[in-house]
Amino acid sequence: MATEMTGREPVYVWEAPVRLWHWVMALAMVVLAVTGYFIASPLPSTPGEASDNYLLGYIRFAHFAAAYVFTIFLLVRIYWVFAGNKFAREIFAVPRSMLKPSWWGGLIDQGLYYAFLKKEARSYQGHNPLAQAAMFFMYLLGSLFMIVTGFALYGEGTGMGSWQYKLFSSWVIPLFGQSQDVHTWHHLGMWYLILFTIIHVYIVVREDISSRETVISTMVNGWRVPKP
Amino acid sequence: MTPTFYEVMRQQGITRRSFLKFCSLTAASLGLGAGGATKIAHALETKPRVPVVWLHGLECTCCTESFIRSAHPLASDLVLSMLSLDYDDTIMAAAGHQAEAALEDTITRYKGKYILAVEGNPPLGDDGVFCIPGGRPFVDKLRRVAKDAAAVVAWGSCASWGCVQAARPNPTKATPIHQVIDNPVVKVPGCPPIAEVMTGVVTYIVTFGRLPELDRQGRPKMFYSQRIHDKCYRRPHFDAGQFVEAWDDRGAREGYCLYKMGCKGPTTYNACSTVRWNEGVSFPIGSGHGCIGCSEDGFWDKGSFYDRLTNIKEFGIEANADRVGATVAIVAGAAVAAHAAVTAIKRARSAKSNEKVEK
Ligand code: HEM
Ligand code: SF4
């Protein structure tokens, strides 16, 4: 579902937990992408004794710590789908919204608007249908993919008795063929999320400048305010 | 009456002392704990000998070469002498019709009781003409012998996954054995597998009369539950961030980690870093070369042995994840810039026309 703006009144869309979640997730994703990149292409060697250095160890530790934050926050966010307001549901409800013709109408309209074929877009309180689709297919599925493949790789280190191995590695690795394939796809997943981030940041800045409501400050204070 | 294993060994001239040594060695390598050696000894003394039939399909015999170099000469002598009593077309004394008769004899006499060990795999292309032992396609022989086998062991990466003959484009349609027979298969991958792992697996099956515990892909957990990387002696250099960056640099001389040279230790399940090779002398990483991942499914098709990020063939181009990703990111960045430019121009234009209207 997508809710269009009705009047010129400010609307409270993003509740505090959603805002906090957004920024923690963003930070975790940056840490994961940077450390992940250096796990695959490590920095130049450090001199000295091995026992005096732990560079890649710390990088991997940061990756795994951020990974747990990323995963736990996503789980809490899923809880908030049920506890939060209707806007907290939007990006998770995409498969259900897709059953509605009006949602598709909004999606096409929004697409035409971004293709410069329509002058004005409809105004929405939460996300427009195109944004919802991007959030669902790029952000949400992308993140779940990273969690599943990431924990499958993690379980290889913790060993066959661990819950990570039983829950993830045991079926993910045979599914992809072998461990090297899981590494490659986990790595491609990073680029998928980077692609999402590029588009996301661009659209947010663009809309903040050119639309009739606030966008960036909404994720800070929660209010969607029509601009004068 | 079929003689027991112990009786056979004694007939082969093995002393009781050596026999007990073999039992404790094998118990240790299987990780059976304190009582293990006695259990193995007892089983071998009381159980009738289980015949083993060893078939060779499309392969290079490196598994056999590895096997006959088992660290403890006794282990290989022993298991080998038990094996060659039945059928192994590479190492048995008999040849030709005589050998085929021995096979017939074993599989009828010990119906449902013998162990089938398979080295290599059947090529299914062109009705199997690429591997014809005894005048028939290998796949026929394999299916017939497997039908009444108590257990089937796949030796090496050929029998387990397909290995080099199944590498893209696999012209002969070489096929791993579990895809052509219905029996449960114990996979002992590696090109070749480690000798002690091979004797360990055979001994486990014949002494306990059951298959060892297997992982999801059919490999015995006692030897394949950890990666090379988990027990590698260069691992402290990995964690420290100390890598060989070129084959002749200082790091190479200091024995740094081979990760950047494409070592596949982090993605390869095998016992090389603990059991090692050639009587425990060394293993590839010990000699300064990265692991090539020879015991992993399809390792020939996973790009260069010397790249950390291997090429992705799925997209029909030769590029690794970073090259694919960076290209996509650059294209997206350019698209964003162009879109922003068009947006700015449109806004400027509409602002102008608004001004006009206001005037
Ligand atoms: C936004 C999310 C994430 C990004 C961008 C990311 C990125 C990366 C990258 C680029 C690599 C290197 C892959 C390669 O070998 O080529 C990597 C490795 C890895 N990641 Fe992630 N990752 C993410 C989430 C996770 C999560 C949720 C986990 C779960 C624990 C995880 C666990 C791992 C592990 C275990 C490795 C392998 C480390 C090693 O080989 O030493 N990642 N990650
Ligand atoms: S040499 Fe290979 S297996 Fe050993 S620590 Fe380095 S990457 Fe891991």
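Nothing here was measured: the structure is a model prediction, and the numbers come from that model. (Residues numbered from 1 in each chain as written. Chains lettered and ligands numbered in written order. Predicted model: local features only at pLDDT ≥ 70, side-chain atom pairs only at ≥ 80, totals over all residues. Heavy atoms only, no water.)

(A) Representation of the interface of chain B and chain A within the structure. Contact residues are listed per partner, giving 53 residues for chain B and 48 residues for chain A. Between chain B and chain A the total buried area reaches about 4100 Å² when both faces are included, carbon and sulfur atoms providing 58% of it. The tally of links from chain B across to chain A stands at 3 salt bridges. A salt bridge links Asp181(A) to Lys302(B), with the shortest nitrogen-to-oxygen separation between them at 3.1 Å. The interface formed by chain B and chain A includes 27 residue pairs in polar contact (both at pLDDT 80 or more). Counting residues per element, the side of chain B that touches chain A draws most heavily on helix α14 (residues 321-358) of chain B, which supplies 16 residues. In terms of residue class, the side of chain B that touches chain A is built from 22 nonpolar, 12 polar and 19 charged. (Contact = heavy atoms within 4.5 Å. Buried area = accessible area lost by both parts, 1.4 Å probe. Salt bridge = Lys/Arg side-chain N within 4 Å of Asp/Glu carboxyl O. Polar contact = N/O pair within 3.5 Å; in protein donor to acceptor, adjacent residues only side chain to side chain. Helix = DSSP H or I, 4+ residues; strand = E, 2+ residues; numbered from the N terminus. Nonpolar A, V, L, I, M, F, W, Y, C, P; charged D, E, K, R; others polar.)

(B) Spotlight on the pattern of salt bridges. Residue and element names in this part refer to chain B. Applying the stated criterion to the full structure yields 21 salt bridges over all chains. With a closest N to O distance of 3.9 Å, Arg 168 and Asp 301 form a salt bridge. You can see Arg 168 sitting in the loop between α8 (156-160) and β5 (185-188) and its partner Asp 301 sitting in the loop between α13 (272-275) and α14, a full 133 residues away along the chain. Look at Arg 168 and you get exposed, because its relative accessible area is 55%. Taking the relative accessible area as the measure of exposure, Asp 301 reaches 18% and is therefore buried. Here Arg 219 makes a salt bridge to Glu 296, at a shortest N to O gap of 3.6 Å. (Buried < 20%, exposed > 50% of the residue type's maximum accessible area, 1.4 Å probe, protein only.)

(C) View of the coordination of the iron atom of ligand 1. All names here are of chain A. Donor atoms from the polypeptide that coordinate the iron atom of ligand 1 comprise His 63 (NE2) and His 186 (NE2), at 2.1 Å from the metal. Its 6 donor atoms give the iron atom of ligand 1 angles of 85 to 178° at the centre, a pattern that matches the octahedral case. In this pair, His 63 is assigned in helix α2 (residues 55-83) and His 186 in helix α7 (residues 179-210), connecting sequence segments 123 residues apart. For the residue pair His 63 and His 186, the accessibility class agrees, reading buried in each case. (Donors = N, O, S within 2.8 Å, 3.2 Å for Na, K, Ca; no water. Tetrahedral: all angles 85-135°; square planar, octahedral: opposite > 155°, others 65-115°.)

(D) Seen up close, the site of ligand 1. Taken together, 26 residues are adjacent to ligand 1, and Arg60(A), His63(A), His186(A), His187(A) and Arg308(B) come closest. Measuring from an oxygen atom of ligand 1, one finds a side-chain N or O atom of Arg60(A) at 2.7 Å. Between ligand 1 and Arg308(B) there is a distance of 2.4 Å, counted from an oxygen atom to a side-chain nitrogen or oxygen. Elements represented by at least two residues in the shell around ligand 1 include exactly α1 (16-40), α2, α5 (129-158) and α7 of chain A. Here the shell around ligand 1 takes 7 residues from α1(A), the largest share from any one element. Partitioning the shell around ligand 1 into residue classes produces 17 nonpolar, 7 polar and 2 charged. (Near = heavy atom within 4 Å.)

(E) Highlighting the packing of helix α6 (residues 163-176) of chain A against α7(A). All names here are of chain A. Where α6 meets α7, the closest approach of the two axes is 7 Å, and the angle between their N-to-C directions is 90°. Between α6 and α7, the crossing angle belongs to the class labelled roughly perpendicular. From α6, Val 172, Ile 173 and Phe 176 reach across to α7, where they touch Ser 179, Asp 181, Val 182 and Trp 185. Residue classes in the contact of α6 with α7 are distributed as 5 nonpolar, 1 polar and 1 charged. (Axes fitted to C-alpha atoms, helices over the stretch in contact; angles between N-to-C directions. Parallel < 35°, antiparallel > 145°, perpendicular 65-115°, else oblique.)

(F) Seen up close, empty space enclosed by the protein. According to the stated counting rule, one finds 4 cavities of 30 Å³ or more in the structure shown. Considered as a void within the structure, the largest cavity measures approximately 100 Å³ in volume. When grouped by side-chain class, the residues that make up the lining of the largest cavity number 8 nonpolar, 2 polar and 2 charged. Here the lining of the second largest cavity is built from residues that sort into 3 nonpolar, 5 polar and 3 charged. (1 Å grid on protein atoms, 1.4 Å probe; cavity = no way out; pocket = protein on both sides within 12 Å on 5 of 7 lines; lining within 4 Å. Points joined across faces, edges and corners; volume = space filled by probe spheres on them.)

(G) Representation of the site of ligand 2. Residue and element names in this part refer to chain B. Taken together, His 229, Cys 232, Arg 234, Arg 235, Phe 238, Cys 257, Leu 258, Tyr 259, Cys 263, Gly 265, Pro 266 and Ile 285 make up the full set of residues adjacent to ligand 2. According to the grid-proximity analysis, the pocket containing ligand 2 is the largest cavity. Tallied by class, the residues present in the shell around ligand 2 amount to 8 nonpolar, 2 polar and 2 charged. (Sits in = over half its atoms within 2 Å of the grid points.)

(H) Expanded view of the side chain of Ser157(B). All names here are of chain B. Structurally, the position occupied by Ser 157 is in helix α8. Assessed through its relative accessible area of 2%, Ser 157 is described here as buried. Ser 157 has contacts with Gly 162, Cys 163, Pro 189, Gly 190, Cys 191, Cys 294 and Ser 295, leaving out every residue within four places of it along the chain.

(I) Summary view of the pairing of strand β1 (residues 52-56) of chain B. All names here are of chain B. Most of β1 sits inside the fold, with 5 of its 5 residues counted as buried. Residues of β1 alternate between two faces, with Val 52, Trp 54 and His 56 on one and Val 53 and Leu 55 on the opposite face, all of them buried. By the bridge criterion, 5 bridges tie β1 to strand β3 (residues 115-119) in an arrangement that is parallel. Residue pairing in the sheet places Trp 54 in a bridge with Ala 117 of β3. Of the strand pairs in this sheet, β1 and strand β2 (residues 87-88) are connected by 2 bridges, and their pairing is parallel. Bridge pairing in β2 places Trp 54 opposite Asp 88. (Pairing = 2+ DSSP bridges.)

(J) Spatial organisation of the sheet that holds β5(B). All names here are of chain B. Spatially, the 5 strands line up as an open sheet ordered β2-β1-β3-β4-β5, and their pairing is parallel. Edge positions in the sheet fall to β2 and β5, since each has one partner strand and no second. On top of the sheet, helix α7 (residues 138-147) reaches β1, β2 and β3; it is set at about 165° to β1, its chief contact.

(K) Just a positive patch on the surface, in detail. Taken together, Lys86(A), Arg89(A), Arg96(A) and Lys100(A) make up a surface patch of like positive charges. Its location among the elements puts Lys100(A) in the loop between α3 (94-97) and α4 (101-114). (Patch = residues over 30% accessible without salt bridge, like charges linked within 9 Å, V, L, I, M, F, W, Y side chains within 5 Å. Areas by Shrake-Rupley, 256 points an atom, 1.4 Å probe, with all protein chains shown as cover. Lys, Arg positive; Asp, Glu negative; His and termini not counted. Charge placed at Lys NZ, Arg CZ, Asp CG, Glu CD.)

Without other data, these values stay purely geometric and don't point to any function.
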